[in-house]
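# Examination of the molecular architecture
Chain by chain, the residues:
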Amino acid sequence: MNIYINDNKSVSRRSFTKKALGIGFLSSLAVMNLPGSADAWLDEKIMERDDLADGIKELIKTYDTTSPYPVKFYDGLVRVHLRNLDFAVKKGLHKEHADHYSSTLAPMIEKYVKNAIPIMGKDIFLWANFERTSCSYQLYEHIDIKENERSVPCPFKGILEYQNSTVGTYSIKWGDVCNKWCIPVWENFANMVQLKIKVEPGETCRITLV
Amino acid sequence: MDSISRRGFTEKALKGGGALAVLTVLALPEKAMANKMKFSLKNERFLNRNDLSDALKSLYTTYDSTAPYPHKFNETITKAVLSALDFCIPLGIEKDYVDHYITTMAPVFKGIKLSVEKDGPEKALRGLFEETTTSYQLFERINVKPGERSFPCPYKGKLDDCKEWIGKYNGTFKYEWKDVCNKWCVPAWNGAAKEIGVKLEIIPGEECRVKLA
């Protein structure tokens, strides 16, 4: 079973544990002591869910919508993020908005990611920030994983362009999403664990540890 | 799905056509059926998507995450709204946040208003709930009755999770569930209804009910 499924590279639960244990006995003890980190992953209990029917209906409803453009799982989430950002930009509070969002997740980063980096290496930061977080399960249609690098198709561009060309009430442009939301939020996360990242925005956005 | 079974096709042919038509169909049975099936598949939007594998992976990763609580498709969108309220409420700008929603959605509401004028007020509920893509993920299900919609509140449990897993460590998410109802859902829906030209009665709860008033 894969922790994250990816066309190029995947990390299975078993190989992840192996990797963790391979670091050494003390390290593995430290990993075991990271409270909740292990059981927060995919846990192979999908077959025990009694709400799968609702999930499947949502999948069909979403992917049966192809007009005016093919709707994907990230559609609703992206629309809320864009609306929030447009509001913050119009209020002149986009920095505070990005800082607030980052700070709400600070306890998780402090508690889990910061402690894991000395044991598992800095790539764990990207793992936690991208493929591990439940927000990514819908936001990024897929994530390409390389050591110390992740790239993702930008979920915001198409929907913002559609919104701006049809409804036309937002003042933000695609560059605002990169510069006033994604980049500051990711940089805030990296600062919390004393790492530096380089973000190359684009239709495929690339995030590299430097 | 717009498909037709072999039996259904024969029945339809025998019912709808006269003897000559039936004879014609019987003379070309496989070809006619194959053409119909090809036609129906070609026009089936869902089956023609080439990104269904990504969708299935998303379904799997979401619903296979059951700790510390079972994740659903409304997980992330709900958190994004709750996070925005957590940003706005302490700054006292939550009313502006609602006004921004109503203003930026005004052209969409105008479109719904036109269909209400043409087809009746039920169109208002359809436009606000089951026909918007945001609600596909936000509401796990929507019970549809004439003049009324009800759905499980996506925010209550998630706000509790945010308090438990985040707020208790850094003092965020101090507001209460009723604030989500009174400072977001109710004013946003009432504001939308005003633009559309209808009145709503909103009965918040774990199963939230919205009725045409």
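One can find the structure itself at the top, above this paragraph.
Below is a short write-up of the structure. (Residues numbered from 1 in each chain as written. Chains lettered and ligands numbered in written order. Predicted model: local features only at pLDDT ≥ 70, side-chain atom pairs only at ≥ 80, totals over all residues. Heavy atoms only, no water.)

### Structural notes on the overall build of chain A
Secondary structure summary: chain A contains ten helices and six strands in total. With 210 residues in all, chain A has 55% of them scored as buried. Only carbon and sulfur atoms are counted for the fraction: they give 55% of the accessible area of chain A, which is about 9,600 Å². (Helix = DSSP H or I, 4+ residues; strand = E, 2+ residues; numbered from the N terminus. Buried < 20%, exposed > 50% of the residue type's maximum accessible area, 1.4 Å probe, protein only. Areas by Shrake-Rupley, 256 points an atom, 1.4 Å probe, with all protein chains shown as cover.)

### As for the pairing of strand 3 (residues 200-203) of chain B
Regular strands place their side chains on alternate faces of the sheet. All names here are of chain B. Side chains Leu200 and Ile202 project from strand 3 onto a buried face, and the interleaved Glu201 and Ile203 project onto a face without burial. Note: strand 3 against strand 4 (residues 207-212), four bridges, orientation antiparallel. Of the residues in strand 4, the one forming a bridge with Ile202 is Val210. Where strand 3 hands over to strand 4, the hairpin turn is made up of three residues, counted between the paired strands. (Pairing = 2+ DSSP bridges.)

### Concerning the interface of chain A and chain B
Interface size, as often reported, equals the accessible area lost upon joining of the parts. Facing 62 residues of chain A, the contacting portion of chain B comprises 58 residues. Summing both sides of the interface, chain A and chain B together bury roughly 5,700 Å²; the carbon and sulfur share of this comes to 60%. At the boundary of chain A with chain B, the tally comes to five salt bridges. With a closest N to O distance of 2.6 Å, Lys72 of chain A and Asp51 of chain B form a salt bridge. Our count for the chain A to chain B interface comes out at 28 residue pairs in polar contact (both at pLDDT 80 or more). Every element with two or more residues in the side of chain A that touches chain B is listed here: helix 3 (52-63), helix 4 (75-91), helix 5 (94-104), helix 6 (106-120) and helix 8 (134-139) of chain A. Looking at the side of chain A that touches chain B element by element, the count peaks at twelve residues for helix 4 of chain A. Looking at the side of chain A that touches chain B residue by residue, the class counts come to 26 nonpolar, 15 polar and 21 charged. (Contact = heavy atoms within 4.5 Å. Buried area = accessible area lost by both parts, 1.4 Å probe. Salt bridge = Lys/Arg side-chain N within 4 Å of Asp/Glu carboxyl O. Polar contact = N/O pair within 3.5 Å; in protein donor to acceptor, adjacent residues only side chain to side chain. Nonpolar A, V, L, I, M, F, W, Y, C, P; charged D, E, K, R; others polar.)

### Description of unusual backbone geometry
If a residue is not glycine, its phi is most likely negative; likewise, a peptide bond is most likely trans. Backbone torsion omega between Ser67 of chain A and Pro68 of chain A reads 5 degrees, so that peptide bond is classified as cis. As for its placement among the helices and strands, Pro68 of chain A is situated in the loop between helix 3 and helix 4. Phi angles above zero are rare outside glycine, and Asn148 of chain A is one such case at about 65 degrees. The residue Asn148 of chain A is located in the loop between strand 3 (144-146) and strand 4 (149-153) in this model. With relative accessibility at 22%, the residue Asn148 of chain A sits in the partly exposed group. A positive phi angle is found at Phe173 of chain B, which is not glycine, with a value near 55 degrees.

### Describing helix 6 of chain A
Over its 15 residues, helix 6 of chain A extends 20 Å from the first C-alpha to the last, a length consistent with the 21 Å expected when each residue adds 1.5 Å. The sharpest bend along helix 6 of chain A measures roughly 30 degrees and falls at Val113 of chain A. (Expected span 1.5 Å × (residues − 1). Bend = angle between axes of the 7 residues up to and from the residue.)

### Side note on the packing of aromatic side chains
All names here are of chain B. Per the stated rule, a full pass over the model turns up 17 aromatic pairs over all chains. Pairing Tyr97 with Trp184 gives two aromatic rings, centres 5.1 Å apart and planes at 40 degrees, and the pair type is tilted. Taken together, the positions of Tyr97 in helix 6 (residues 94-104) and Trp184 in helix 11 (residues 177-196) put the pair 87 residues apart, joining distant regions of the chain. Residue Tyr97 shares its accessibility class with Trp184, and that shared class is buried. Where Phe151 meets Trp189, the ring centres are 5.8 Å apart and the plane angle is 75 degrees; that geometry is what we call edge-to-face. On the criterion of sequence distance, the pair formed by Phe151 in strand 2 (residues 148-152) and Trp189 in helix 11 is long-range, its members being 38 residues apart. Note on accessibility: Phe151 and Trp189 belong to one class, buried. (Phe/Tyr/Trp six-rings, centres within 6.5 Å; stacked < 30°, edge-to-face > 60°.)

### What to know about helix 4 of chain A
Residue and element names in this part refer to chain A. Here helix 4 spans 24 Å end to end across 17 residues, near enough to the 24 Å set by a 1.5 Å rise per residue. The element helix 4 is extensively covered by neighbouring structure, given that 14 of its 17 residues are classed as buried. One or two residues past the end of helix 4 sits Gly92, with phi positive at roughly 70 degrees.

### Topic: the sheet that holds strand 1 (residues 143-145) of chain B
Residues and elements named next belong to chain B. Read across the sheet, four strands follow the order 1-2-4-3 without closing on themselves; strand pairing throughout is antiparallel. Whereas interior strands pair on both sides, the edge strands pair on one side only; in this sheet they are strand 1 and strand 3. Pairwise comparison of adjacent strand axes, ignoring direction, gives a mean angle of 15 degrees for this sheet. As paired elements, strand 2 and strand 4 share five bridges and run antiparallel to each other. Bridge pairing in strand 4 places Ser150 opposite Arg209. Here helix 11 sits on the sheet and contacts strand 2, strand 3 and strand 4; the angle it forms with strand 3, its principal contact strand, is near 165 degrees. (Axes fitted to C-alpha atoms, helices over the stretch in contact; angles between N-to-C directions.)

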